[in-house]
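Here is how the chains run, residue by residue.
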Amino acid sequence: MTAPRIPVTLVTGFLGAGKSTLIARVLDDVSPRRIAVVENELAEVGVDQRLLAGRAGEIVALSGGCVCCSARGDLLGAVRSVCSVGCPPDAILIETSGIARPSATAADLVELGAAERQIWLRAIIVVVDATNAATDSARAEFVDQVVHADAVILAKHDLADGSQRRDAQRVIRAINPTASIVLAADAGAGEVLGPFGDQSESAFAPVPGVYALGHDIDAVCVAVPGDLDGPRLRTLLDELARDPSVLRVKGFVTVDGGVRLVQGVHATVDTLPWSTIDPDGLALVVIGERLDERQLRGRLDEVRASS
């Protein structure tokens, strides 16, 4: 008897849009369905993978490359591996890195499904940050994401002012007039995975030819296993927030013996209390353009607490 094909939902969105927050909500809301999550991050240390740890479902991490270019083969291998386990999942969620061009990834998934009949591409879900949509729309990666969306999840709507909300709607509709738009507060497993047994497919249709691959965006990952000085860390994070070449800052650090989650996008960087983290996970990831890795490492060394 032929095993039923597994629906795949591709979740994408520009840096810091809120993809992991959405997937965490889906995993909390998914019972009794079994979900496998393939998590892609640019840096070697998987920050988002750790944010999802402990929730329902198997999590497969693909770190150190982007699934639309350098990690394409890794993604297809991970999907095949998930499909071949003794008890396959009911659905697969793939979270791309924030700079992924989903057209290339979706084309790979459609081709894999047609060739091996294990999966089908159910939907491309794009998360858009309502507070930064107008700024992000200048990026080719953002446009590629939104133009191929079956549905757009509008995140941080509650944090946006009226002008930002209008701009977000205008930007989305200018790029993709037909995608449904759902507020993140109203989005759960049903909106992302579809009803149980749903056989609908993404509207995405591969176009023969070569998709645009590669990026001008780099990720620098710096391990910070020791305690950091709080005021000096805050100064550094504020400097990174003002640096136009820096697009995203995230990671886990310890300050005064306590673990802090660092979350930053564009001009805002916050540090939030976190329970525990393994020592290998203590690192700061900076994503941006023309980053000076040596300088960043030196600046972080200056933030370490005095012994």
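Placed above this text is the structure.
Caption draft 1: Just the overall build of the protein, in detail. If you tally the helices and strands in the protein, you get 10 helices and 13 strands. The 307 residues of the protein split such that 52% are buried. Pairs at least 24 apart in sequence give 78% of the contacts found in the protein among residues at least 6 apart. For the protein, the accessible area works out to roughly 13500 Å², and carbon and sulfur atoms hold 51% of it.

Caption draft 2: Highlighting the pairing of strand β5 (residues 119–129). The element β5 is extensively covered by neighbouring structure, given that 11 of its 11 residues are classed as buried. Here β5 runs beside strand β6 (residues 151–155); their pairing, made up of five bridges, is parallel. Note that in β6 the partner of Val 128 across the bridge is Leu 154.

Caption draft 3: Expanded view of helix α1 (residues 19–28). With seven of 10 residues buried, α1 is to be regarded as a mostly interior element. Those residues of α1 not exposed but buried are Lys 19, Ser 20, Leu 22, Ile 23, Ala 24, Val 26 and Leu 27.

Caption draft 4: The arrangement of the environment of Leu 272 in detail. Mapped onto the fold, Leu 272 is located in strand β12 (residues 268–273). Leu 272 sits in the partly exposed class, given a relative accessible area of 40%. A sequence separation of 10 residues divides Leu 272 from Val 262, and the C-alpha atoms of the two residues are 6.5 Å apart. When neighbours within four sequence positions are excluded, Leu 272 is seen to be in contact with Val 259, Arg 260 and Leu 261.

Caption draft 5: Spotlight on the packing of aromatic side chains. Under the counting rule described, the total for this entry stands at one aromatic pair. Ring geometry for Phe 252 and Trp 274: centres 5.4 Å apart, planes at 55°, overall tilted. A residue pair is termed long-range when its members are at least 10 positions apart, and Phe 252 in strand β10 (residues 246–255) and Trp 274 in the loop between β12 and β13 (283–289) qualify at 22 residues. Accessibility expressed as a relative area gives 0% for Phe 252, which makes it buried.

Caption draft 6: Representation of the pattern of salt bridges in the model. The tally for this structure, following the rule as stated, stands at 12 salt bridges. Of the charged contacts in the structure, one is a salt bridge between Arg 139 and Glu 289, with a shortest N-O distance of 2.9 Å. Here the residue Arg 139 occupies a position in the loop between α5 (133–136) and α6 (140–147), and Glu 289 occupies one in strand β13, the gap between them amounting to 150 residues. In this structure, Arg 139 and Glu 289 share a single accessibility class: buried. Overlapping salt bridges bring together Arg 139, Glu 141 and Glu 289 as one network.

Caption draft 7: Just the nonpolar core, in detail. Ranked by internal contacts, the top residues of the largest apolar core, which has 46 residues, are Val 79, Ile 92, Ile 94, Leu 109, Ile 119 and Val 128. For this core, the element with the most residues is helix α3 (residues 72–83), which contributes six residues. Those residues within four positions of Leu 109 in sequence are excluded, and the remaining contacts are Val 8, Leu 10, Val 79, Ile 94, Ile 119 and Leu 121.

Caption draft 8: Expanded view of the side chain of Asp 144. With respect to the element layout, Asp 144 can be found in helix α6. No salt bridge is formed by the buried Asp 144. Its closest oppositely charged neighbour is Arg 101, at 5.0 Å. A polar contact is formed between the side chain of Asp 144 and the side chain of Ser 103, at a distance of 3.0 Å. Beyond its immediate stretch of four places on either side in the chain, Asp 144 contacts Arg 101, Pro 102 and Ser 103.

Caption draft 9: Focus on helix α4 (residues 102–116). Taking 1.5 Å per residue, 15 residues should reach 21 Å; α4 reaches 21 Å between its end C-alpha atoms and fits that length. Taken as a whole, α4 has its buried residues at Pro 102, Ser 103, Ala 104, Thr 105, Ala 106, Ala 107, Asp 108, Leu 109, Leu 112 and Gly 113. Among the residues trailing α4, Arg 117 stands out with phi positive, at a value near 60°.

Thresholds, definitions, all that
- Residues numbered from 1 in each chain as written.
- Predicted model: local features only at pLDDT ≥ 70, side-chain atom pairs only at ≥ 80, totals over all residues.
- Heavy atoms only, no water.
- Helix = DSSP H or I, 4+ residues; strand = E, 2+ residues; numbered from the N terminus.
- Buried < 20%, exposed > 50% of the residue type's maximum accessible area, 1.4 Å probe, protein only.
- Contact = heavy atoms within 4.5 Å.
- Areas by Shrake-Rupley, 256 points an atom, 1.4 Å probe, with all protein chains shown as cover.
- Pairing = 2+ DSSP bridges.
- Phe/Tyr/Trp six-rings, centres within 6.5 Å; stacked < 30°, edge-to-face > 60°.
- Salt bridge = Lys/Arg side-chain N within 4 Å of Asp/Glu carboxyl O.
- Core = buried A, V, L, I, M, F, W, Y, C linked by side-chain atoms within 4.5 Å.
- Lys, Arg positive; Asp, Glu negative; His and termini not counted.
- Polar contact = N/O pair within 3.5 Å; in protein donor to acceptor, adjacent residues only side chain to side chain.
- Expected span 1.5 Å × (residues − 1).

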